[in-house]
Amino acid sequence: MNELPLLPGNRFSDVTRTNFIVPRTLSFKNGHRIVRLPRLGIGQTHKPNVELTEDEREILNNFQPELIYGKVKVQGYRKFVPASVHYDKKVLRFYGYFKQTIYGSPLESHRIRRVTVYYYLEDDTIAIYEIPYKNSALVQGMRIRRHRISKNDQNEPYNWRDLNLGQNLAIYGTVYRLCACDQFTREWLESEGIELQCPELIPSDPYTLKLMEKNESEKQRTHHSDLKEILPDRLAKQPIISNRKILSMDGKVLRFYAIIDDHDQKRDILRKFVIHLYLVDNTIEIREVHRDNDGYDPIGVYLHRQIVPKDSTYNIKSFVNLFVNKHEQEKICYFTLEDFAIGRHVTIFNRIFFLYDCDIFTKSFYHQHFGQIDFTPIDIDTQKKKKPPVQLPPVPPHIMFGKPEDTIQNVKSLLPKPAKKDRIKLLENENRVLRYEAVMDGDCQRKFLIVYRLADDLISVYEKPLDGYGCLTRKFLERIRIPKPDSHPDAPMYYGPNDFYIGAHVELFKHPFIITDADRCVLKFIEENRLQFSQHVIDSLRQKLCPDNENHNQMEAPQL
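What you see is a predicted model; the values in this text were computed from it and never measured.

**Some details on the side chain of Glu 108**
Turning to step 1, where the next piece is worked out: Positionally, Glu 108 belongs in the loop between β3 (91–101) and β4 (110–120).
Turning to step 2, where the next piece is worked out: Within the structure, Glu 108 has its side chain in polar contact with the side chain of Arg 111 (distance 3.0 Å).
Turning to step 3, where the next piece is worked out: In contact with Glu 108, not counting residues within four places along its chain, are Ile 102 and Tyr 207.

What follows is the structure, encoded as structure tokens:
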């Protein structure tokens, strides 16, 4: 059967076959999907090798049947690009407006509010943004956030084919009129076969037009009005200044440096000012020079530019009388250039300014026009008041609760902090103690051990057990700084190493003790720091702890 060709009628099936398993061609290797050719046929039968050799593959690859069919045209497949990627960041932009009806207003019947409509080609969403206007008192900005908007009752969303110039978009009860678009929107719609209509002009807001016309009429009326009717006679004469003077003096300003002369008031900081004199119209402007943390409001202009009367105490009974009666106008005298010089006191609206210096232009101007020569600046630091010494608040008496150090910390700060410790002393004298043996005055049978810590000057007392009793050493006094009995409670004086010697009487919280013995470490510490101890303390310990006495045993540490 194997020698017969595989033609219809020459195929014979094996009726005895029971295995029809199809070999597997897909598999996984190291987590990757692979395709492999089966070595066996259906039912685990032998399968002849049908793979081509390398020579046969090369012949098929180079085979070009041009003589029979002509040259084969290989068509390359275009790379698939999804619409979300192709139309990413491509937005159609239309300019339009909508009308807002105003009810019950005699000034306007409607308003024209301009908007920009954005259509995102990526997902057919629409966003509408209203162009804001300053001081309009309207809620402006983003009117409709980006999302798909239905155009009918069937919930069909708006498409780019539905957008064109001169059309109305009914969105959530508001009709938006599309009037124009940008260049990209026009080119893209025309490339898609959409014929755009002619652009329209966005109408102006009628209320805005009325305001603009009103402002123009007020400006013209003010420009052509007579200044003599609304200003005093002295001010009405200001326009008589020749054009030559205006051109020559325009932009020229005299600058004086001054301070407020307030010796009567108790102020530690000198407030510095700059006084500007405008030569074109004799107006005065005052600016304050601020410093960091000076305690005053950071306002630059102390006095706005204006003409300033000399006699600021002049009582104007009626402003109407001032503008109408010329005799009242003549009573007021205003500051001129002759009133300012270095070293003078100038009273401006009940504020006394002391002029101590000026700039170079001011010096040259006064030298040319007034003949002044001396422009020596005045040192204002010598006039500065001497600050009184700072008096700290008195320390209140100790209330006998806690430590006196805590009371002082509460006085120094509203939020008290722990008292600072001598860290160098703590590091040098860490785990170093002085041990003394003592008996209670009046009861010599009870023996005590006084332990003095050199790191923090704390004292603890332990009572030794009596002979014949089985109890161990017990604590008599907790570790604490002990003040001397004759010291004041507000400023206590604490016990130190110089107060403990052989035969010394010490009173620890109204318990009298007599020092009878000491440790050899005490004598060693005293020998190392002789300058800190008195001579009688050194002599008493040397007599008791003489190096020649070999039978003397060192005291044992307390068992805590």
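**Here we look at the nonpolar core**
Turning to step 1, where the next piece is worked out: The biggest cluster of nonpolar side chains holds 29 residues, and the ones touching the most others in it are Tyr 436, Ile 450, Phe 500 and Ile 515.
Turning to step 2, where the next piece is worked out: Listed by contribution, the elements that provide at least two residues to this core are β15 (433–440), β16 (443–453), β17 (459–463), β20 (512–518), α13 (520–528) and α14 (535–544).
Turning to step 3, where the next piece is worked out: Not counting chain neighbours up to four residues away, the residues in contact with Ile 515 comprise Tyr 436, Glu 437, Ala 438, Ile 450, Phe 500, Tyr 501, Ile 502, Gly 503, Ala 504 and Val 506.
Turning to step 4, where the next piece is worked out: Of all hydrophobic cores here, the second largest spans 25 residues; its members include Met 249, Phe 273, Leu 277 and Val 308.

**Examining the sheet that holds strand β13 (residues 345–348)**
Either a parallel or an antiparallel arrangement is found when strands of a sheet pair, and the pairing is made through backbone hydrogen bonds.
Turning to step 1, where the next piece is worked out: Taken in spatial order, the 6 strands line up as β12-β11-β10-β9-β14-β13 in an open sheet, and their pairing is antiparallel. The outermost strands of the open sheet, each flanked by one partner alone, are β12 (301–306) and β13. Neighbour-to-neighbour, the strand axes of this sheet turn through a mean angle of 35°, independent of strand direction.
Turning to step 2, where the next piece is worked out: With 7 bridges connecting them, strand β10 (residues 272–278) and strand β11 (residues 283–289) associate as antiparallel partners. Looking at the pairing, Lys 272 lines up with Val 289 of β11.
Turning to step 3, where the next piece is worked out: Helix α10 (residues 360–369) rests against β9 (253–260) and β14 (351–358) of the sheet, and its axis sits at about 110° to β9.

**Details of unusual backbone geometry**
Note: most peptide bonds trans; most residues except glycine with negative phi.
Turning to step 1, where the next piece is worked out: Located in the positive-phi region is Gln 44, a residue other than glycine, with phi close to 60°.
Turning to step 2, where the next piece is worked out: You can see Gln 44 is positioned in the loop between β2 (32–35) and α1 (54–62).
Turning to step 3, where the next piece is worked out: With relative accessibility at 46%, the residue Gln 44 sits in the partly exposed group.
Turning to step 4, where the next piece is worked out: Unlike most non-glycine residues, Asn 155 shows phi in positive territory, near 60°.

**Considerations on the sheet that holds β4**
Turning to step 1, where the next piece is worked out: Reading across the sheet, the 6 strands line up as β6-β5-β4-β3-β8-β7 and stay open at both edges, with antiparallel pairing between neighbours. In this open sheet, the two edge strands, each paired with only one partner strand, are β6 (141–147) and β7 (168–171). With direction set aside, neighbouring strand axes in the sheet form an average angle of 30°.
Turning to step 2, where the next piece is worked out: Contacting β3 and β8 (174–181), helix α4 (residues 183–191) runs over the sheet at an angle of about 110° to β3.

**Quick notes on the pairing of β20**
Turning to step 1, where the next piece is worked out: The pairing of β15 with β20 spans 5 bridges and is classified as antiparallel. When the sheet's bridge partners are listed, Glu 437 is paired in β20 with Asp 517.
Turning to step 2, where the next piece is worked out: Two strands pair when backbone bridges link them, and strand β19 (residues 505–507) and β20 are joined in this way by 3 bridges, in the antiparallel orientation. Paired with His 505 across the two strands is Ile 514, which belongs to β20.
Turning to step 3, where the next piece is worked out: What sits between β19 and β20 in their antiparallel hairpin is a turn of 4 residues, with Phe 509 showing a positive phi close to 55°.

Each value, and the rule that gives it
Residues numbered from 1 in each chain as written. Predicted model: local features only at pLDDT ≥ 70, side-chain atom pairs only at ≥ 80, totals over all residues. Heavy atoms only, no water. Helix = DSSP H or I, 4+ residues; strand = E, 2+ residues; numbered from the N terminus. Polar contact = N/O pair within 3.5 Å; in protein donor to acceptor, adjacent residues only side chain to side chain. Contact = heavy atoms within 4.5 Å. Core = buried A, V, L, I, M, F, W, Y, C linked by side-chain atoms within 4.5 Å. Buried < 20%, exposed > 50% of the residue type's maximum accessible area, 1.4 Å probe, protein only. Pairing = 2+ DSSP bridges. Axes fitted to C-alpha atoms, helices over the stretch in contact; angles between N-to-C directions.

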